[in-house]
Amino acid sequence: MQKIKFENTHNSEKLFLDLLYGKYSGSAFKKPINNLKELRKEYTCCDFEYQFLTLIIRNFKRIILMSPRTIQLWIKRIDRIYGNKFHQTTTDVNGKNPKFTQTDFGKKLSESLAYSKLQNKVLKIFFHKSKIKTCYYCNSQYTLTFLKDNSEAVKFQIDHIYPKKKYPYFSISMYNLIPSCANCNLNKGDKDFWIEDFCNPYIESIGDRFIFTIAKESDKTLYTSVNEVDLEDIAITISNLDDKKVKAHNELFDIVGIHSNFNEITKEILALGREYPESKRNELLKKYKDKSGNLMFKDKETIDRVFLRVYPEASKINNRPLSKFIQDVARFSDFYD
């Protein structure tokens, strides 16, 4: 839910290009740009297809590293006039629920850029090395990577901010890709994620626009004795639903619905805040020592991290699942001012 920031943008972009050019893949690796050149040979008599492939080939590196705003600008210009060259749209009998199918040229362009072949061996490795550890959209699940049979295995999906089925020419562009959980990827589907309607992960943080809050389902109070509160009395919601981007994000990814499953965590945090208020935690901070006489906790951030089991800073929300949720709920206890 926090804006995606690479530790070193220049190095990350260089790594991404190196991966696409097969620097770490061996001689059998088929470079997407070479695939495009081969595809262009099929369209020497087709004016649009040949010219478009030439445009992609000549601007390959630029397209791969194109900024999110420029990607959207290109898409809107291309799709307005030539969209039917890449995809066709059908609706139900009421003219609703549009479905997109690729044209033959769209399919061949997708196959040449080889997203399906690159996603596991190249793209997911890139995001693993970039240390993006949670789903940006919901922050409720890890984007897992682990070793299996001496090779990296990945258990997360890559979402296209601008759908690859509709805009295949940006299907392997670095700033059109975002690690996500399967549920969010499925919910988003082929929906356009326009910057004016949603928080683009590389431009702004949806997590900065709202907070998770605790509501009451009954007349019981949450603030007298947490042990007297039934879990059914705790209702999770979010603030600022008048903000169109917050509303759109919640409706698309069901943020309230997902986090309503974590009432038990809410109760634990409230109880911790009462059992270990700031005054008691300050005592631990100053007096709790190891066998060598050294203080166990170096600062307030460290002790809060031990209690909450997440990083307390908003800038590190992407490091662990539920960080945004736990940080916000902790503000109802005694953990934060």
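Since this is a predicted model, take the numbers as computed values, not measurements.

Closest axis-to-axis distance for the helix 1 (residues 9–20)/helix 7 (residues 115–129) pair is 10 Å, and the angle between their directions is 165 degrees. For the element pair helix 1 / helix 7, the angle class is roughly antiparallel. The chirality of how helix 1 crosses helix 7 is right-handed. In this structure, helix 1 contributes S12, L15, F16, L19 and L20 to the contact, and helix 7 contributes L118, V122, L123, F126 and K129. Its residues assigned to classes, the contact of helix 1 with helix 7 shows eight nonpolar, one polar and one charged.

Summed over all chains, the structure comprises 29 aromatic pairs. The interplanar angle of 40 degrees and the centroid separation of 5.7 Å between the aromatic rings of F86 and F105 together place this pair among those described as tilted. In this pair, F86 sits in the loop between helix 5 (68–82) and strand 1 (87–90) while F105 sits in helix 6 (residues 104–113), placing the two residues 19 residues apart along the sequence. Overall, F86 belongs to the buried group, its relative accessible area being 0%. For the pair Y137 and F193, a centre-to-centre distance of 5.7 Å together with 70 degrees between the ring planes defines the contact as edge-to-face. A residue pair is termed long-range when its members are at least 10 positions apart, and Y137 in the loop between helix 7 and strand 3 (144–148) and F193 in the loop between helix 8 (182–188) and strand 7 (212–216) qualify at 56 residues. Residue Y137 is classed as buried on the basis of its relative accessible area, which comes to 0%. Note that K76 overlies the ring of W194, its terminal NZ or CZ placed 4.7 Å from the centroid. Over the ring of F210 we find K324, and its NZ or CZ is 5.0 Å from the ring centre.

Turning our attention to the pattern of salt bridges. The final tally for this structure, using the stated rule, is 18 salt bridges. Between K245 and E204 there is a salt bridge; the shortest N-O distance is 2.5 Å. With K245 in helix 9 (residues 244–253) and E204 in the loop between helix 8 and strand 7, the pair connects residues that are 41 residues apart, well separated along the chain. Like K245, the residue E204 is buried in the burial classification. Linking R281 and D304 is a salt bridge whose minimum nitrogen-to-oxygen distance equals 3.1 Å. With R281 in helix 12 (residues 278–287) and D304 in helix 13 (residues 300–308), this residue pair connects regions lying 23 residues apart in the sequence. This pair shows no difference in class: R281 is buried, exactly as D304 is.

Packing of helix 2 (residues 32–40) against helix 6 leaves a shortest axis separation of 7 Å and a crossing angle of 145 degrees. Only K108, L109, S112 and L113 of helix 6 make contact with helix 2, whose side of the interface consists of P32, N35, L36 and L39. Class assignment for the residues of the contact of helix 2 with helix 6 results in five nonpolar, two polar and one charged.

So, on to the pairing of strand 2 (residues 99–102). Within a regular strand, side chains alternate between the sheet's two faces. Across the two faces of strand 2 the burial differs, with F100 and Q102 buried and K99 and T101 not buried at all. In this structure, strand 1 lies alongside strand 2, joined through four bridges in antiparallel fashion. Residue pairing in the sheet places Q88 in a bridge with T101 of strand 2.

Basis of the calculations
Per-chain numbering applies: the sequence of each chain, read as written, is numbered from 1 onward. Note on the predicted model: pLDDT of at least 70 is required for a residue's local features to be given, and 80 or more for side-chain atom pairs to be given and counted; whole-chain, interface and lining totals, by contrast, use all residues. To get the side-chain values, all heavy atoms of the structure are used, and hydrogens and water are removed first. Only the contacting stretch of a helix is used when fitting its axis, a line to C-alpha atoms as for every element, and angles between N-to-C directions run 0 to 180 degrees. Strands here are runs of E lasting at least two residues and helices are runs of H or I lasting at least four, both read from the DSSP assignment and numbered beginning at the N terminus. When an angle is under 35 degrees it counts as roughly parallel; over 145 it counts as roughly antiparallel; between 65 and 115 it counts as roughly perpendicular; any other value is oblique. Left-handed describes a crossing whose near helix is turned anticlockwise from the far helix by less than a right angle; the clockwise case is right-handed. We call two residues contacting when some pair of their heavy atoms lies within 4.5 Å. The classification used treats Ala, Val, Leu, Ile, Met, Phe, Trp, Tyr, Cys and Pro as nonpolar, Asp, Glu, Lys and Arg as charged, and all other residues, Gly among them, as polar. Centres within 6.5 Å are what make two rings of Phe, Tyr or Trp a pair, Trp counting through its six-membered ring; a difference in plane orientation under 30 degrees is then read as stacked, over 60 as edge-to-face, and the rest as tilted. Per-residue accessibility, obtained with a 1.4 Å probe over protein chains only, is compared with the maximum for each type, and a residue is labelled buried under 20%, exposed over 50%, and partly exposed between these values. By definition, being over a ring means that NZ of Lys or CZ of Arg is both within 6 Å of the ring centre and within 35 degrees of the ring normal. In the sections that follow, a salt bridge refers to a side-chain nitrogen of Lys or Arg positioned within 4 Å of a carboxyl oxygen of Asp or Glu. Pairs of strands are assigned from DSSP output, requiring at least two bridges between the strands.

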